[in-house]
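Close look at the chain arrangement
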Amino acid sequence: MARPDVVTVAAGVFLLRGFARDLDVALLQAVEEVTAISPLRHSLTPGGQAMSLAMSNCGPLGWVSSRSGYRYEARDPMTGQPWPAMPASLSDLALRAAAQAGFAHFRPDACLINQYAPGSKLSLHQDKDEADFSQPIVSVSLGLPAVFLLGTTQRRDLPQRLRLIHGDVLVWGGPARLAFHGVMTLSDGAHALLGRRRVNLTFRKAA
Ligand code: SIN
Ligand code: FE2
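What comes next concerns the included structure. (Residues numbered from 1 in each chain as written. Chains lettered and ligands numbered in written order. Predicted model: local features only at pLDDT ≥ 70, side-chain atom pairs only at ≥ 80, totals over all residues. Heavy atoms only, no water.)

What follows is about the coordination of the iron ion (ligand 2). Any two of four tetrahedral donors ideally make an angle of 109.5 degrees at the metal, while pairs among six octahedral donors ideally make 90 or 180 degrees. Distances from the iron ion (ligand 2) to its protein donors, namely H125 (NE2), D127 (OD) and H181 (NE2), fall within the range 2.1 to 2.2 Å. Coordination at the iron ion (ligand 2) comes from 4 donor atoms whose angles at the metal span 89 to 173°, giving a geometry best classed as irregular. Written as a sequence motif, the donor arrangement for the iron ion (ligand 2) is H-x1-D-x53-H. With H125 in strand β7 (residues 122–125) and H181 in strand β12 (residues 181–183), this pair connects stretches of sequence that are 56 residues apart. (Donors = N, O, S within 2.8 Å, 3.2 Å for Na, K, Ca; no water. Tetrahedral: all angles 85-135°; square planar, octahedral: opposite > 155°, others 65-115°. Helix = DSSP H or I, 4+ residues; strand = E, 2+ residues; numbered from the N terminus.)

Time to look at the nonpolar core. L90, V138, L201 and F203 are the most contacted members of the largest nonpolar core, which has 30 residues in total. Counting residues per element, the ones that place at least two in this core are β2 (13–16), α1 (24–37), α2 (88–100), β6 (110–116), β8 (137–143), β11 (169–172) and β13 (198–204). When residues no more than four places from it in sequence are discounted, the contact partners of F203 are M86, L90, S91, A94, F106, P108, A110, C111, P136, I137, V138 and V140. In this structure, L61, A110, I137 and A206 belong to the second largest nonpolar core, which totals 26 residues. (Core = buried A, V, L, I, M, F, W, Y, C linked by side-chain atoms within 4.5 Å. Buried < 20%, exposed > 50% of the residue type's maximum accessible area, 1.4 Å probe, protein only. Contact = heavy atoms within 4.5 Å.)

Before going further, it helps to spend a moment on the pattern of salt bridges. A full pass over the atoms with the stated rule returns 8 salt bridges. Note that E130 is salt-bridged to R204, the shortest N-O span being 3.6 Å. Pair noted here: E130 is in the loop between β7 and β8 and R204 is in strand β13, with a separation of 74 residues, a long-range link. You can call E130 buried: its relative accessible area is 6%. Among the ionic pairs, R196 bridges to D188, the shortest N-O distance being 2.8 Å. Residue class for R196 comes out exposed when judged on its relative accessible area of 53%. Three or more residues are tied together by salt bridges with common partners; here these are D127, E130, R177 and R204. (Salt bridge = Lys/Arg side-chain N within 4 Å of Asp/Glu carboxyl O.)

This brings us to the pairing of β11. On β11, burial covers both faces: V169 and V171 on one face and L170 and W172 on the other are all buried. Of the strand pairs in this sheet, β2 and β11 are connected by 4 bridges, and their pairing is antiparallel. Bridged to L15 within β11 is L170. Bridge count for β8 against β11 is 4 bridges, and the pairing is antiparallel. (Pairing = 2+ DSSP bridges.)

Attention now goes to the sheet that holds β8. Strand order in the open sheet made by the 7 strands is β1-β2-β11-β8-β13-β6-β3, with antiparallel pairing throughout. The open sheet is flanked by β1 (7–10) and β3 (54–58), the only strands paired with a single partner. With strand direction ignored, the average angle separating the axes of adjacent strands in the sheet is 20°. Here 3 bridges tie β1 to β2, and the two strands are oriented antiparallel to one another. Counted as the bridge partner of A10 is V13 from β2. (Axes fitted to C-alpha atoms, helices over the stretch in contact; angles between N-to-C directions.)

Shown next, in the form of structure tokens:
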């Protein structure tokens, strides 16, 4: 049941072009409030390398990567404090986007904030540290454009390339919930509001 403003890019994958655009100033301010408490940091992968993107979280749970693996935690390991609360401007947006894509009952308990500088990338992976795969992933793109790699649930399948720009929201769930995905090396540029960076917000139901 595609709505005119929702593009189905694959079974279970919905692109809401420009859905977050009008909210950009408020969203960015919310991100700044969160990262003033739990700063963006380059976490280590289990292999011991620093990730090229910088991350933080808000909400009851935060996604954490370290030498001991990937997991959700209620506290920021950097500050020892609970992750900052999820600002209503962020959770409202995620709820509305999920509902537009047909996931009416999405109530995220985790929001991962990823900041990409030119040269940063994210290798193909599945989001599979969450407890309930009936709930979708809602991903909001702000700042510099990126090429998003959207695969299938099989790592060997060649991913399709989706150009995501400022304000785009991508929702994946159902048959695509465990789709492999990643972000190609970010090209340099300057965004009018965010400057030389891309910020991605990924909302999940983790527990
Ligand atoms: C992610 O997979 O966690 C982030 C995806 C993105 O930055 O678009
Ligand atoms: Fe992901």
